[in-house]
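# Results of the structural survey
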Amino acid sequence: MFGWRIFIFLIVTFCYGPELVQASVINVNKFYEKLIKANVNESVDPCENFYEYACGNWHRNYDDGKGDYIDMPGYMDYKVNQQYRELLEKGEEDRKWKTGIFKKAKALYDACENVEHLVLNQFLAAVEEELQMEWPIFSIESEEEWLNVTRFDWLHVLAVLRRYGMNGIFLTHNVNVNPRNSKEYFLEVSQHYDGSVLLESEDVENIFINFGMDHNASHQLTEEIMEFERALNELAKIVYLNETDTRNYADNFQQMKLKELQESVPEIDWLKYFQIVLNETRREYLQNLTIQTFAVTPEFFSNLKEHLQSYSNETIGYYIMLKFMYYINGNLPHGSQRNCIKYVRSFMPVFMNYLYEETLFKNKRQEIEESLQKMFQNLKNSFESLVKENHLKLDSQEQNFILKELHHMQLKIGNLPRNCSEDFVENFYNDLKVNSSNFIDTHLSVLKFMNELHYRYLEQKSLPIADKVYHFDTSSLSSSSPVKIFDNAILVPHGYLQLPLYDTQLNHLHQYSLLGFILAHEIIHAYDLFHIIYDHESNYDYLGSKVAHHFSPHLKCYSQSTRSDIASENIADVAGLRVAYNYYQTISDDHGMKFPFLHLTKDQYFFVNSVQFLCADIYKIAALGLETTADLAHDMHDKRVQQNWSKFEEFSLAFNCSPKSNMSTPVESCRIW
């Protein structure tokens, strides 16, 4: 954990043993301030390299993670995983872990822990019976011809594999919201295009060689598969409708009955496909199922049919096999101790959140919820004052659009329904099959279960945000970081609501300059380049696009690339700093925190503390060659801070940076809010 024994004791005291040492015995603020002091590298000029100044010594203090983390978000997940591990290990002695949902969760954990070797061909073999086929790779040692060389049903294979969550091979289908009515969900179909996620020829060739194929054959087959994928991606490029006075983003979505889709796109047997995917045999029900299409070009499917006919069944079979192997590999518990705690967090998140809530959070929920709701409201008020300053020169209708969404925005702590019970969790996982002695079947079972969760939206009645459980991708489900969710709400998982990031007893100057900034960042995401087009009820509204047009003169400040996701994150950083700083300025500094602190003024401390959740071992990151964070939506931490903190003019004023310094405020206007 930490490099020094004294730090280990203090962290364990707060993380694992609050019942042993009352918080009142230890001055939480003094402890927190020592952490900040230990991270700061005062030998660096903050106007030249502010990230190194604020976080330069972090890697020396958080260097005992045995490779489990490289930054503060990773450390917080590591810490939460350690808390979970202790709970599961205690479970060996607790009778409740022998029955019901606790037994099922422990079995999933044990299945992960017990597996000795993870071999991908075992997963291929495990699904062959359901696929009603043999994978071509298994016939290479046989002198006989591949069994499916003339009777290969690729649509059946894709539909079966889609039940395990694999998506985006030739076509994509999801459960998605109706953009014009967020209370409705439909099965959505689109042609798949992701030109940035392609197979790597060297990896593919090595896979074939490892299966026993000779070098010449593996090279020739790899070349054919790479050519197949390149041509496929050219066919699949999606053309979106641009916003005009008469056409808008929502027009990319069209609803029709399945039988109408069949008539308009006859190249695919949609009835057969969804019979398998949904495990549904009622023909009339399926034919009248509402399907939503997204930016579908009907010609793509006729071109796809021609494309597939120009390659052998064997090549297509190998291509699907490789994609399935990559998909399975991406969901396996790799790493130290196989990351089995993270694995259970990813695939039984409702249980794990319930476990954390009941054992580690329940006694402090009321105090934390009251504190955070007050913070959230103060930050919303701060943003409202900025909207009313009207830097963007919005008209009254546009301003009202922004403020109505802000007033309806909610904060949700923990991804659980209100008053969640053990019975609810038990029923939630009723259909999940787990075998602690068979990881292959268990992993396929949890993949299928997680995929089926999304179909529950089709039948789900409208629920208040407080009563919802949100189904994200597995990496998000195992993360402790706050996130803006589509339902005009911000979800704060339990994990960030503890030291070294937060405690209710921390001085408000500490709270608002760190967690306050994190929440402000998420508030701004309601108005980023993706979410701005949705109103307070999460329905598409052209007014949002009109507001977004006001961003245009400032967008060149926020991204050197064409990636709107990174630009949105950068906007949320700069505007989030402004929102949090505005409220921070109203907090009195005469009730416990004395300035100068660490030779810092009150204003300077805001900026130093605001980056603490981004501190990382930059040397390790550089060695790994990482340029963006794991979710690929943010620039790497140091680049992010260097670029964005300087765009908020109060930073340069606080540190009295010269116009020629690296952290000086740009001449062009970067202010949006």
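Above this text is the structure in question.
Residues numbered from 1 in each chain as written. Predicted model: local features only at pLDDT ≥ 70, side-chain atom pairs only at ≥ 80, totals over all residues. Heavy atoms only, no water.

On a plain count of helices and strands, the protein chain comes out with 30 helices and 7 strands. For a compact globule of 673 residues, the expected C-alpha radius of gyration is about 26 Å, and the protein chain comes in at 27 Å, within 12% of that figure. Taken over the C-alpha atoms alone, the protein chain extends approximately 80 × 65 × 50 Å along its principal axes. When the 673 residues of the protein chain are sorted by exposure, 55% land in the buried category. For the protein chain, the share of sequence-separated contacts (at least 6 apart) that also reach a separation of at least 24 residues comes to 75%. Both charge centroids of the protein chain, one from 61 positive and one from 93 negative side chains, sit 7 Å from each other. (Helix = DSSP H or I, 4+ residues; strand = E, 2+ residues; numbered from the N terminus. Rg over C-alpha atoms; globule rule 2.2 N^0.38 Å. Buried < 20%, exposed > 50% of the residue type's maximum accessible area, 1.4 Å probe, protein only. Contact = heavy atoms within 4.5 Å. Lys, Arg positive; Asp, Glu negative; His and termini not counted. Charge placed at Lys NZ, Arg CZ, Asp CG, Glu CD.)

A separate point is the environment of N121. By the secondary structure assignment, N121 is in helix α7 (residues 120-131). When its relative accessible area of 27% is taken as the criterion, N121 is described as partly exposed. Once the C-alpha coordinates of N121 and F138 are considered, the two residues, 17 residues apart in sequence, prove to be 9.1 Å apart. Residue contacts for N121: discarding those within four places in its chain leaves F138 and F211.

Counted under the stated rule, the structure contains 56 aromatic pairs. Ring centres of Y62 and Y75 lie 4.8 Å apart, and the angle between their planes is 80°; on these two criteria the pair is classed as edge-to-face. Of this pair, Y62 sits in the loop between α4 (58-61) and α5 (72-90) while Y75 sits in helix α5; the two residues are 13 residues apart in sequence, bridging distant segments of the chain. Each member of the pair, Y62 together with Y75, is buried. Between F607 and F651 the ring centres are 5.3 Å apart and the planes differ by 85°, which places this aromatic pair in the edge-to-face class. Separated by 44 residues along the polypeptide, F607 in helix α27 (residues 602-610) and F651 in helix α30 (residues 649-655) bring together distant segments of the chain. The exposure class assigned to F607 is buried, which follows from its relative accessible area of 0%. Every member of this aromatic cluster is reached through a ring pair, and the members are F50, Y53, Y581, Y584, F606, F607, F648, F651 and F655. Here the guanidinium or amino end of K602 rests over the ring plane of Y584, the centre of that ring lying 5.6 Å away. (Phe/Tyr/Trp six-rings, centres within 6.5 Å; stacked < 30°, edge-to-face > 60°. Lys NZ or Arg CZ within 6 Å of the ring centre and 35° of its normal.)

Attention shifts here to helix α20 (residues 439-453). Relative to the 21 Å expected for 15 residues at 1.5 Å per residue, α20 spans 21 Å between its end C-alpha atoms, a close match to the ideal helical length. The element α20 is largely enclosed, with a buried count of 13 among its 15 residues. Where α20 begins, the side chain of N438 points an oxygen toward the backbone nitrogen of I440, at a separation of 3.3 Å. (Expected span 1.5 Å × (residues − 1). Polar contact = N/O pair within 3.5 Å; in protein donor to acceptor, adjacent residues only side chain to side chain.)

With the rule as written, the count across this model stands at 4 disulfides. Here C112 pairs with C340 through a disulfide, and the sulfurs are 2.0 Å apart. With the S-S dihedral at roughly -80°, the linkage between C112 and C340 falls on the left-handed side. With a gap of 228 residues between them, C112 in helix α6 (residues 100-114) and C340 in helix α16 (residues 340-347) connect regions that are remote in the sequence. (Disulfide = S-S within 2.5 Å.)

As a further point, take the packing of helix α15 (residues 313-330) against α20. Direction vectors running N to C along α15 and α20 enclose 90°, while the axes themselves pass 12 Å from each other. By the angle between their axes, α15 is roughly perpendicular relative to α20. Packed against α15, whose contacting residues are F324, Y327 and I328, the element α20 presents H443, L444 and L447 at the interface. Looking at side-chain class alone, the contact of α15 with α20 contains 5 nonpolar, 1 polar and no charged residues. (Axes fitted to C-alpha atoms, helices over the stretch in contact; angles between N-to-C directions. Parallel < 35°, antiparallel > 145°, perpendicular 65-115°, else oblique. Nonpolar A, V, L, I, M, F, W, Y, C, P; charged D, E, K, R; others polar.)

This brings us to the side chain of N57. Within the element layout of this structure, N57 appears in the loop between α3 (50-55) and α4. Of the residues examined, N57 reaches a relative accessible area of 17% and is grouped as buried. Within the structure, the side chain of N57 is placed 2.4 Å from the side chain of R60, a separation counted as a polar contact. In contact with N57, other than residues within four places in its own chain, are A38, N39, V40 and N41.

In space, the 4 strands of this open sheet follow the order β1-β2-β4-β3, with mixed pairing throughout. Here the strands that pair on one side only, and so sit at the sheet edges, are β1 (171-178) and β3 (253-257). Going across the sheet, the axis of each strand differs from the next one's by a mean of 35°, ignoring polarity. As paired strands, β3 and strand β4 (residues 290-294) are joined by 5 bridges and run antiparallel to one another. When the sheet's bridge partners are listed, M256 is paired in β4 with I291. Running over the sheet, helix α12 (residues 270-277) touches β1, β2 (181-191) and β4 and is turned about 75° from β1. (Pairing = 2+ DSSP bridges.)

Take the sheet that holds strand β5 (residues 410-413) next. Spatially, β5-β7-β6 is the arrangement adopted by the 3 strands of the open sheet, whose pairing is mixed. Single-partner strands in this sheet number two, and they are β5 and β6 (483-485). Within this sheet the neighbouring strands show an average axis-to-axis angle of 30°, counted without direction. By the bridge criterion, 3 bridges tie β6 to strand β7 (residues 489-492) in an arrangement that is antiparallel. Within the sheet, the bridge partner assigned to K484 lies in β7 and is I490.

Our focus in this paragraph is the nonpolar core. If you look at the biggest cluster of nonpolar residues, it comprises 218 residues, and the most contacted ones within it are F50, W135, F170, W270, I320, F351 and W673. In this view, F170 contacts W154, L158, H192, F228, L232, F300, L304, L308, I316, Y319 and I320; residues no more than four positions away in its chain are not counted. (Core = buried A, V, L, I, M, F, W, Y, C linked by side-chain atoms within 4.5 Å.)

This paragraph deals with the side chain of T442. Residue position: T442 is located in helix α20. Note on T442: relative accessible area 1%, which makes it buried. Here T442 is in contact with L108, A111, V434 and N435, once residues within four sequence places are set aside.

Scanning the model with the defined rule gives 19 salt bridges in all. The salt bridge involving E229 is made with K323; its shortest N-O contact spans 3.0 Å. Remark: K323 occurs in helix α15 and E229 occurs in helix α10 (residues 215-235); sequence separation between them is 94 residues. Using a relative accessible area of 16% as the deciding quantity, one classes K323 as buried. (Salt bridge = Lys/Arg side-chain N within 4 Å of Asp/Glu carboxyl O.)

Cis geometry marks the peptide bond from L499 to P500; its omega dihedral reads 10°. Assignment of secondary structure puts P500 in the loop between β7 and α23 (508-513).

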